Amino acid sequence: MEKEFWKAGNMLYPLPAVMVSCQREGEKPNIITVAWTGTICTNPAMVYISVRPSRLSYDIIKDTKEFVLNLTTKKLVKAVDYCGVRSGRDVDKFQEMRLTPVPAKVVKAPLIQECPVNIECKVKQIMKLGSHDMFISEVLGVHADISYLNTKGKFDLSKADPIVYSHGEYFGLGELMGNFGYSVKKK
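Residues numbered from 1 in each chain as written. Predicted model: local features only at pLDDT ≥ 70, side-chain atom pairs only at ≥ 80, totals over all residues. Heavy atoms only, no water.

What about the overall build of the protein chain?
Next up, step 1: Secondary structure summary: the protein chain contains 4 helices and 12 strands in total.
Next up, step 2: On C-alpha atoms alone, the protein chain measures out to a radius of gyration of 17 Å, which is about the 16 Å that the 2.2 N^0.38 rule sets for 187 residues.
Next up, step 3: Its C-alpha atoms give the protein chain principal-axis dimensions of about 60 × 50 × 35 Å.
Next up, step 4: Per-residue burial for the protein chain yields a buried fraction of 40% across its 187 residues.
Next up, step 5: Long-range pairs, those at least 24 residues apart, make up 61% of the contacts in the protein chain with a sequence separation of at least 6.
Next up, step 6: Total accessible area computed for the protein chain in this model is approximately 12200 Å², and 54% of it derives from carbon and sulfur atoms.
Next up, step 7: Positive and negative side-chain charges of the protein chain, numbering 26 and 20 respectively, have mean locations separated by a distance of 5 Å. (Helix = DSSP H or I, 4+ residues; strand = E, 2+ residues; numbered from the N terminus. Rg over C-alpha atoms; globule rule 2.2 N^0.38 Å. Buried < 20%, exposed > 50% of the residue type's maximum accessible area, 1.4 Å probe, protein only. Contact = heavy atoms within 4.5 Å. Areas by Shrake-Rupley, 256 points an atom, 1.4 Å probe, with all protein chains shown as cover. Lys, Arg positive; Asp, Glu negative; His and termini not counted. Charge placed at Lys NZ, Arg CZ, Asp CG, Glu CD.)

As for the pattern of salt bridges
Note that side chains of opposite charge can pair when their charged atoms are close.
Next up, step 1: A full pass over the atoms with the stated rule returns 5 salt bridges.
Next up, step 2: For Asp161, the salt bridge goes to Lys74, with nearest N and O atoms at 3.9 Å. Of this pair, Asp161 sits in the loop between helix H4 (157-160) and strand S11 (163-166) while Lys74 is found in the loop between strand S6 (66-71) and helix H2 (77-85), placing the two residues 87 residues apart along the sequence.
Next up, step 3: Here Asp161 falls in the partly exposed class, since its relative accessible area comes to 33%.
Next up, step 4: Between Glu138 and Lys124 there is a salt bridge, with the nearest N and O atoms lying 3.5 Å from each other. (Salt bridge = Lys/Arg side-chain N within 4 Å of Asp/Glu carboxyl O.)

Details of the nonpolar core
Next up, step 1: Membership of the largest hydrophobic core comes to 19 residues, with the highest contact counts inside it found for Val20, Ile49, Ile61, Phe67 and Leu69.
Next up, step 2: Looking at this core, the elements with two or more residues in it are strand S2 (18-22), strand S3 (30-34), strand S5 (46-51), helix H1 (56-64), S6, strand S9 (117-128) and strand S10 (133-144).
Next up, step 3: Of the residues forming this core, the biggest block, 4 residues, is contributed by S9.
Next up, step 4: Leaving out residues up to four positions away in the same chain, Leu69 has contacts with Val18, Met19, Val20, Thr37, Val47, Ile49, Val117, Asn118, Ile119 and Cys121. (Core = buried A, V, L, I, M, F, W, Y, C linked by side-chain atoms within 4.5 Å.)

Structural notes on the packing of aromatic side chains
Next up, step 1: This structure, assessed with the given rule, holds 3 aromatic pairs.
Next up, step 2: Relative to Phe155, the ring of Tyr148 lies with its centre 5.9 Å away and its plane at 40 degrees, an arrangement referred to as tilted.
Next up, step 3: When its relative accessible area of 26% is taken as the criterion, Phe155 is described as partly exposed. (Phe/Tyr/Trp six-rings, centres within 6.5 Å; stacked < 30°, edge-to-face > 60°.)

Considerations on the state of the cysteines
A covalent bond between the sulfur atoms of two cysteines is referred to as a disulfide.
Next up, step 1: Counted according to the given criterion, the structure contains 0 disulfides.
Next up, step 2: You can see Cys41 has no disulfide; the closest cysteine sulfur is in Cys121, sitting 13 Å from it. (Disulfide = S-S within 2.5 Å.)

Quick word on the environment of Ile112
Next up, step 1: Structurally, the position occupied by Ile112 is in strand S8 (residues 111-112).
Next up, step 2: The exposure class of Ile112 is buried, given its relative accessible area of 0%.
Next up, step 3: Not counting the four nearest positions on each side in its chain, Ile112 is found in contact with Met19, Ser21, Ile31, Asn70, Phe94, Leu99, Thr100 and Asn118.

A closer look at the side chain of Lys93
Next up, step 1: Along the chain, Lys93 falls in helix H3 (residues 93-96).
Next up, step 2: No salt bridge is formed by the buried Lys93; the nearest opposite charge belongs to Asp90, separated by 8.9 Å.
Next up, step 3: At a separation of 2.7 Å, a polar atom in the side chain of Lys93 contacts the main-chain carbonyl oxygen of Arg86. (Polar contact = N/O pair within 3.5 Å; in protein donor to acceptor, adjacent residues only side chain to side chain.)

A look at the sheet that holds strand S1 (residues 15-16)
Next up, step 1: Strands sit in the order S1-S11-S12 across an open sheet of 3 strands; the sheet is antiparallel. Bordering the open sheet on either side are S1 and strand S12 (169-172), each of which pairs with just one other strand.
Next up, step 2: Examined bridge by bridge, S11 and S12 share 4 bridges and lie antiparallel to one another. Its bridge partner lying in S12, Ser166 is registered against Glu169. (Pairing = 2+ DSSP bridges.)

Concerning the side chain of Asn30
Next up, step 1: Position of Asn30 relative to the elements: it lies in strand S3.
Next up, step 2: A relative accessible area of 3% means that Asn30 is categorised as buried.
Next up, step 3: Engagement of the side chain of Asn30 in a polar contact is seen with the side chain of Ser57, the distance being 2.8 Å.
Next up, step 4: For Asn30, the contacting residues outside a window of four places in its chain are Val20, Ser21, Cys22, Leu56, Ser57, Ile60, Gly88, Lys93 and Phe94.

In structure tokens:
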């Protein structure tokens, strides 16, 4: 297989496309779409998001030290894109996309009701990296829509129809190809 060498760039793909909700006390809530996010620790449960300092949500999250990661679905793909390209300085994204802010249990930022999973987060550290700063955050609690749980109480990803982001494009996920450890499991 012949390969071409390119200059340094972000070719890791695909990435989860999540909507991050945040809010300062006494102000309207905001949503920013983020694809630069992921798990960084199991115990304690920790995640990160990377945000450009020029974004409205950056200052809200920096000031409040909290946010909610809202996992997205195919039904929400238009809202996901809209919340990533429109500024909360100019529009109310909840209103424009007909999304429902719901009070969280621990943080003051709202959950997005239409999302199947909402992850309440508390910022522990901000790493200045260049074009984006990374918010390293502890997970304080997770909300899962019970309509996506299987008979054993496990979250059924196939029912949720999640989306991912790759180099300017949104994709759905494909078929299940195996479970963790299946390659070494005795038959």
